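Listed below are the residues making up each chain.
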Amino acid sequence: MQLFAPKAPLRRKIDCPLCEGKLEIGGRTQSIVCPHCNRSIDTSDHFIDYYCAKKLLETSGDVVVDKKGTLRGEVKAGRVVVKGKLYGVVRARVAVEVLAGGRLEGEIHAPLLHVEDGGALVGGCRAGAGVPPSRAAPSGVLR
Ligand SMILES: [Zn+2]
């Protein structure tokens, strides 16, 4: 066990979720103005352990919906981990993981999709190599 290990790397490279421009930020930076598109972007990780309804939750970080959490809305993030309930459109740049007890209903766009034993996935998905989630077709498939 490394007691004094830093919680976050000193620098990390991210893609702007708005313009896909590459930028490098400090490990603990929570938000930054993208030098490419001049828009403010959220670079923090979101831990949802409550009821949360949003039109759009957009971050270059990760989104974790905990066991007690429910998230409704569109999610754009790096990695999306569902241990609770998530209803909506999910666009992950890295991966979507539905863990045991988790339920994801909606539409998923992700290069990597993992549903653990005991997790539920209901809806459509576009997963695998060659599916750039940010360029995937707009939502509206769930009919
Ligand atoms: Zn940008």
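Being a predicted model, the structure only gives us computed values, none of them experimental.

1. Things to note about the pairing of strand S9 (residues 85-98)
Moving residue by residue along a regular strand, the side chains alternate between the two faces of the sheet. Taken across its 14 residues, S9 has 11 buried, putting it largely inside the fold. Relative to S9, strand S8 (residues 70-82) runs parallel, the two sharing 10 bridges. Looking at the pairing, Lys76 lines up with Arg91 of S9. Here S9 pairs with strand S10 (residues 103-110) via seven bridges, running parallel. From the neighbouring strand, Lys85 faces S10, where its bridge partner is Arg103. Inspection of the sheet shows S9 paired to strand S11 (residues 113-115) by three bridges, in the parallel sense. Within S11, the position partnered with Glu97 by the bridge is His114.

2. Re unusual backbone geometry
The phi torsion at Glu20 lies on the positive side, around 65°, for a residue other than glycine. Locating Glu20 in the fold gives a position in the loop between strand S1 (11-15) and strand S2 (22-26). Although it is not a glycine, Asn38 sits at a positive phi angle of roughly 65°.

Reading the values: the criteria
- Residues numbered from 1 in each chain as written.
- Predicted model: local features only at pLDDT ≥ 70, side-chain atom pairs only at ≥ 80, totals over all residues.
- Buried ≥ 20, exposed ≤ 12 C-beta atoms within 10 Å, placed from the backbone.
- Helix = DSSP H or I, 4+ residues; strand = E, 2+ residues; numbered from the N terminus.
- Pairing = 2+ DSSP bridges.

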